[in-house]
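Commentary on secondary and tertiary structure
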Amino acid sequence: MILTIFCQYASAGKAITLVAEDDWYPYSSQRNGTSEGFVVDLIRAAYAAVDVDVRFKIASFKSCLKQVEEGVELGCFDVTLDEDTKTRFIFPNEFLFIDTGGIYDMENSGLPAKVTQLNLLGHRVGYTNGSIYGEFLDTAKGIERELAMSDLSNLRKLVARRQDYSLVSTTIANYIFKTHPDDFSLRPRLVGTVSNQKMYVGFSRKRPEAKEAAALLDQGLIKIRANGSYRKIELNWLGSSTAPEKIADLKLKK
C-alpha cells in the first residue's frame, strides 16, 4: 500500500531528489550548471521506468554522504557497500555499475609490469581526495601517499614522476587519456587492479520514504536492464561495458 501511494505521489507531478557527486566524470559531475553523467542518466531512466520523476542536487562526495546520513537529503551516489556503509545507509538490492580501481605506472619506470596492493609498499602512491580504496590501502604502513585533488591531477603527477604509482578508476583514466591527449603523450600503463566495486545509491536511514525509494529504484533498474535501455546509456557515455576488465584486454596507446 505504501509503495502504491508513493508511485501515485510521484506520478502526480511530484518528484524525489537525490544528491549527485560533483566531480567524477563521466559517471557523475557538475557540468553546464547541472548534473551530468552516465549514472545520472541511468538513475533518471530507472525511475522513469516506474513512473517516478527524479531531480538532482549537486555536492562533493564527502558532503553528499554527510547530508544523507544526517537525513537532510534522501539519497546520494556513488556509494560502495561495505562493513562501514551498510550500517550508515539503506541500500537497494540492485547495484548501479561496477567500477574497477586501477594501479598505473609509467612504461619505462623500471617497476614490475604486473603488481598487487602489496607491491605498493615502500613506494610513493597517488591517491585522489575523497576516493575510497579499501581498508588495506587506507591504513597500510609503508605507503607514501601523495594526495591529489582530482584524478586528472593524480595522473599528471605520475607523468611528472612525482610518484611511482597512481590509483585511479580504469573508466575515469581512459576518459582522461582521451580528453587530455597533450598531457598524456606518454601514456601511463595499467599494471594491476585494487578492486572491482559495485556502486549504489545510498539512502538515508533517517528518511521514512527511503525504503520505498530504494525498492522503486530496484524495479526500475531491473526493467531497463531487461529492455536494453541500460546498455544504450552505457554505450553512449562509456563506449563499453562497466563489467570488470582484464588487464590483457585493455589496449592502451603507448
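Let us look at the structure shown here. (Residues numbered from 1 in each chain as written. Predicted model: local features only at pLDDT ≥ 70, side-chain atom pairs only at ≥ 80, totals over all residues. Heavy atoms only, no water.)

With that out of the way, let us pick up the nonpolar core. If you look at soluble globular proteins, the nonpolar side chains tend to sit buried side by side. Counting 46 residues, the largest nonpolar core has Leu 18, Ile 43, Tyr 47, Phe 77 and Phe 203 as the members making the most contacts within it. Once you skip the residues sitting within four places of it in the chain, Leu 18 turns out to touch Ile 43, Tyr 47, Val 54, Arg 55, Phe 56, Lys 57, Leu 74, Gly 75, Phe 77, Val 201 and Phe 203. Core analysis: the second largest hydrophobic core is formed by 13 residues, Ile 103, Val 125, Tyr 133 and Leu 167 among them. (Core = buried A, V, L, I, M, F, W, Y, C linked by side-chain atoms within 4.5 Å. Buried < 20%, exposed > 50% of the residue type's maximum accessible area, 1.4 Å probe, protein only. Contact = heavy atoms within 4.5 Å.)

Next up on the list: the packing of aromatic side chains. For the structure shown, the criterion picks out 14 aromatic pairs. Ring centres 6.4 Å apart and planes at 45 degrees place the aromatic pair Tyr 27 and Phe 38 in the tilted group. Here Tyr 27, found in the loop between β2 (23-24) and β3 (28-31), pairs with Phe 38, found in helix α2 (residues 38-48); they are 11 residues apart in sequence, far enough to count as distant. No difference in accessibility class separates Tyr 27 from Phe 38, as the two residues are buried. Following the ring pairs from residue to residue traces out a cluster consisting of Trp 24, Tyr 27, Phe 38, Phe 97 and Tyr 230. (Phe/Tyr/Trp six-rings, centres within 6.5 Å; stacked < 30°, edge-to-face > 60°. Helix = DSSP H or I, 4+ residues; strand = E, 2+ residues; numbered from the N terminus.)

Think of it this way: side chains of opposite charge can pair up when their charged atoms draw near. A complete count under the given rule lists 14 salt bridges for this structure. The salt bridge partner of Asp 41 is Arg 44, with a shortest N-O separation of 3.0 Å. On the criterion of helical spacing, the pair formed by Asp 41 and Arg 44 is a turn pair, its members being 3 residues apart in helix α2. Asp 41 sits in the partly exposed class, given a relative accessible area of 26%. Look at Arg 44 and you get partly exposed, because its relative accessible area is 37%. The shortest N-O distance in the salt bridge between Glu 234 and Arg 231 comes to 3.2 Å. (Salt bridge = Lys/Arg side-chain N within 4 Å of Asp/Glu carboxyl O.)

Taken in spatial order, the 3 strands make up an open sheet running β2-β3-β4, and their pairing is antiparallel. Every interior strand has two partners, whereas the edge strands, β2 and β4 (34-36), have only one. Pairing of β3 with β4, which is carried by 3 bridges, proceeds in the antiparallel orientation. Looking at β4, one finds that Arg 31 is bridged to Thr 34. (Pairing = 2+ DSSP bridges.)

Two cysteines joined by a covalent bond between their sulfur atoms form a disulfide. In total, this model carries 1 disulfide according to the counting rule given. Paired by a disulfide, Cys 64 and Cys 76 hold their sulfur atoms 2.4 Å apart. Of this pair, Cys 64 sits in helix α3 (residues 61-69) while Cys 76 sits in strand β6 (residues 75-80), and the two are 12 residues apart along the sequence. Since its relative accessible area comes to 0%, Cys 76 is described here as buried. (Disulfide = S-S within 2.5 Å.)

Attention now moves to the pairing of β6. The element β6 is extensively covered by neighbouring structure, given that 6 of its 6 residues are classed as buried. One ladder, built from 2 bridges, connects strand β1 (residues 15-21) with β6; its direction is parallel. Paired with Ala 20 across the two strands is Phe 77, which belongs to β6. Here 4 bridges tie β6 to strand β12 (residues 188-204), and the two strands are oriented antiparallel to one another. Of the residues in β12, the one forming a bridge with Gly 75 is Phe 203.

Attention now moves to unusual backbone geometry. A cis amide bond, omega 10 degrees, links Tyr 25 with the succeeding residue Pro 26. By the secondary structure assignment, Pro 26 is in the loop between β2 and β3. In this structure, Asp 78 follows Phe 77 across a cis peptide bond, with omega equal to 15 degrees. Topologically, Asp 78 is positioned in strand β6. Positive phi values are uncommon outside glycine, yet Asn 32 reaches one of about 55 degrees. Looking at where Asn 32 falls in the secondary structure, it is placed in the loop between β3 and β4. Its identity as a non-glycine residue notwithstanding, Arg 161 has a phi of 65 degrees, on the positive side. On the secondary structure map, Arg 161 appears in the loop between α5 (151-159) and β11 (165-169).

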